[in-house]
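Each chain, written out:
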Amino acid sequence: MEATASLINSGLPNVVFHQLDVRDNASVNSLAEFVRTQFGRLDILVNNAAANGVIADVEGLKALKIDTETWLSGMAAYLVGGVIQQTYEKAEECLDTNYYGCKRVTESLVPLLNLSISGARIVNVSSLRGELKRISSEWIRNELGNIDTLTEEKLDELLQRFLQDFKQCAIEANGWSIMLPAYSISKATINAYTRILAQKYQKMCINCVHPGYVNTDLNWNTGPMTLEEGAKGPVMLALLPNGGPSGFYFDQTEMSEF
Ligand SMILES: NC(=O)c1ccc[n+]([C@@H]2O[C@H](COP(=O)([O-])OP(=O)(O)OC[C@H]3O[C@@H](n4cnc5c(N)ncnc54)[C@H](OP(=O)(O)O)[C@@H]3O)[C@@H](O)[C@H]2O)c1
């Protein structure tokens, strides 16, 4: 409500607020019902909610003074062992928020997006952590990267396999990304899901985007980019003209490789 008030005060009078917990079906359905009764349809859905899947010793992390290049490359995984703790519960929460949350909200709002008269847009906010080149297992890259064989069931199976490997401390051995593993696979599956959705709903423009390394709570305010800079890619995709690209991954405002 504080955020709503600040947007209204900045000259956007039509901003309204509705509570949403993407992990809770009742909350998701309540939002859909609110949109249906208030507006009758939906034009743009931005799936932005995310959890990072870890517990950090923030002071300890900041003391390491990891530079942006090392952080983005993923090499920081070898430096942060003592300050970033990964637990099975956090990994599960991360997948349930980032991937299944995006799916729950999308499924519940698709009927309203189908009623859009301007051609609906879905923007799935992803991350460079989900890029396939960051996964060392060729098998996992193929499973996620082959649009002809991708299904939602396949993504469920892959995430179950990830959780099993997590439990058995076999993340690195089985070729999953070692930098924020749960977060990374949640974003890789969001990218794959984006492609499945784009094939299914061909009248909409449905894309996923890495917003950049932005100064937010998610990365304990280590990112060098401002919120305004980070919003550019998602906003561009939310406002794509009719006939614009669909089923693609963008690195900020540029189309990029999955
Ligand atoms: N910051 C970066 O450098 C960066 C890089 C790549 C990708 N991204 C992506 O950008 C998006 C935005 O993240 P951010 O950086 O702005 O981080 P953030 O400030 O931590 O925002 C994450 C948001 O997700 C919400 N959220 C978490 N769990 C939720 C749930 N169960 N139901 C509803 N909302 C929930 C949080 O709500 P509350 O505040 O109410 O908890 C928060 O508003 C995420 O998808 C993230 O993965 C960020």
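See the structure above.
Residues numbered from 1 in each chain as written. Predicted model: local features only at pLDDT ≥ 70, side-chain atom pairs only at ≥ 80, totals over all residues. Heavy atoms only, no water.

Enquirer: Is there a simple way to think about the pattern of salt bridges in this case?
Expert: Pairs can form between side chains of opposite charge whenever their charged atoms are close. One pass over the full model with this rule turns up nine salt bridges. R41 is the salt-bridge partner of D43, the closest N and O atoms lying 3.5 Å from each other. Assessed through its relative accessible area of 26%, D43 is described here as partly exposed. The partly exposed category is assigned to R41, whose relative accessible area is 32%. As a salt-bridge pair, K103 and E152 come within 3.1 Å of each other at their nearest N and O atoms. Of this pair, K103 sits in helix α5 (residues 88-113) while E152 sits in helix α7 (residues 152-167), and the two are 49 residues apart along the sequence. The class of E152 is buried, set by a relative accessible area of 15%. The network of salt bridges with common partners includes R23, D96 and R104. (Salt bridge = Lys/Arg side-chain N within 4 Å of Asp/Glu carboxyl O. Buried < 20%, exposed > 50% of the residue type's maximum accessible area, 1.4 Å probe, protein only. Helix = DSSP H or I, 4+ residues; strand = E, 2+ residues; numbered from the N terminus.)

Enquirer: I keep staring at helix α6 (residues 138-145) and nothing clicks. Help me out?
Expert: Since the α-helix turns once every 3.6 residues, residues separated by three or four places project in the same direction. What α6 keeps buried is the set I140, E143 and L144. Within α6, the buried residues cover an arc of 90 degrees as seen down the axis, which keeps them to one side. The inward-facing, buried residues of α6 contact α7 and α8 (181-200). Between a side-chain oxygen at the N-terminus of α6 and the backbone nitrogen of W139 the separation is 3.3 Å; the capping residue is S137. (Arc of directions from axis to C-beta. Contact = heavy atoms within 4.5 Å. Polar contact = N/O pair within 3.5 Å; in protein donor to acceptor, adjacent residues only side chain to side chain.)

Enquirer: Whenever I open this one, the pairing of strand β1 (residues 44-47) confuses me. Can you help?
Expert: Taken residue by residue, a regular strand's side chains alternate between the two faces of the sheet. Every second residue of β1 is oriented toward a common face, the buried set being L45 and N47 and the non-buried set I44 and V46. Here β1 pairs with strand β4 (residues 121-125) via four bridges, running parallel. The residue bridging V46 from the neighbouring strand is V123, located in β4. (Pairing = 2+ DSSP bridges.)

Enquirer: Just checking my understanding: could you explain the packing of helix α2 (residues 25-39) against α5 for this structure?
Expert: The axes of two packed helices give the description: the angle between them and the distance between them. Between α2 and α5, whose axes approach to 9 Å, the crossing angle comes to 20 degrees. Between α2 and α5, the interaxial angle falls into the category roughly parallel. Regarding α2 and α5, the two cross each other, and that crossing is right-handed. Between α2 and α5, the residues in contact are N25, V28, N29, L31, A32, V35 and R36 and R104, V105, S108, L109 and L112, respectively. For the contact of α2 with α5, a count of residues per class yields seven nonpolar, three polar and two charged. (Axes fitted to C-alpha atoms, helices over the stretch in contact; angles between N-to-C directions. Parallel < 35°, antiparallel > 145°, perpendicular 65-115°, else oblique. Left-handed = near helix turned anticlockwise from the far one by under 90°. Nonpolar A, V, L, I, M, F, W, Y, C, P; charged D, E, K, R; others polar.)

Read these as layout, nothing more, since geometry by itself doesn't imply function.
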